[in-house]
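Commentary on secondary and tertiary structure
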Amino acid sequence: MMEIQWGQPVVLMTSQNGDTEHFSTIEKVRYWLRRRWPISDGERQLALTKVESAMDCMSPVEDARRAFLVAARSAGFIPANLV
């Protein structure tokens, strides 16, 4: 399977110890949303829907990226470039 790049990686702080995770492909984002996400809320579901739509070439990758960032903030993750 070919990975879909989505521009500049999104870097999120994933712990209070300063651990970070780099998201440079939509496949990794989908995996995290499905398997590693700490909460199941509407923002997560919307992001997952947008990601899967972009993977099927039905919507822009940028829409998925924006939805992922909203879901990340909703889940308590902090974009590392804002720290």
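I will try to describe carefully the structure that is included in this document. (Residues numbered from 1 in each chain as written. Predicted model: local features only at pLDDT ≥ 70, side-chain atom pairs only at ≥ 80, totals over all residues. Heavy atoms only, no water.)

**Remarks on the side chain of Arg-65**
Structurally, Arg-65 can be placed in helix H3 (residues 61-74). Buried charge Arg-65 goes without a salt bridge, the closest partner of opposite sign being Glu-62 at 4.3 Å. Setting aside anything within four residues of it in sequence, one finds Arg-65 in contact with Trp-6, Gly-7, Gln-8, Pro-9 and Val-10. (Helix = DSSP H or I, 4+ residues; strand = E, 2+ residues; numbered from the N terminus. Buried < 20%, exposed > 50% of the residue type's maximum accessible area, 1.4 Å probe, protein only. Lys, Arg positive; Asp, Glu negative; His and termini not counted. Salt bridge = Lys/Arg side-chain N within 4 Å of Asp/Glu carboxyl O. Contact = heavy atoms within 4.5 Å.)

**Digging into the packing of helix H2 (residues 42-55) against H3**
Direction vectors running N to C along H2 and H3 enclose 160°, while the axes themselves pass 8 Å from each other. On the basis of their axis angle, the class for H2 and H3 is roughly antiparallel. Read as a crossing pair, H2 and H3 show a hand that is left-handed. Listed contacts from H3 to Glu-43, Arg-44, Ala-47, Lys-50, Val-51 and Ala-54 of H2 are Val-61, Asp-63, Ala-64, Ala-67, Phe-68, Val-70, Ala-71 and Ser-74. Looking at the contact of H2 with H3, its residues break down into nine nonpolar, one polar and four charged. (Axes fitted to C-alpha atoms, helices over the stretch in contact; angles between N-to-C directions. Parallel < 35°, antiparallel > 145°, perpendicular 65-115°, else oblique. Left-handed = near helix turned anticlockwise from the far one by under 90°. Nonpolar A, V, L, I, M, F, W, Y, C, P; charged D, E, K, R; others polar.)

**Observations concerning the environment of Phe-23**
For Phe-23, the location among the structural elements is in strand E2 (residues 20-25). The class for Phe-23 is buried, based on a relative accessible area of 0%. As a C-alpha pair, Phe-23 and Arg-73 span 50 residues in sequence and 15 Å in three-dimensional space. Those residues in contact with Phe-23 that lie beyond four places of it in its chain are Trp-6, Pro-9, Val-10, Leu-12, Lys-28, Val-29, Trp-32 and Phe-68.

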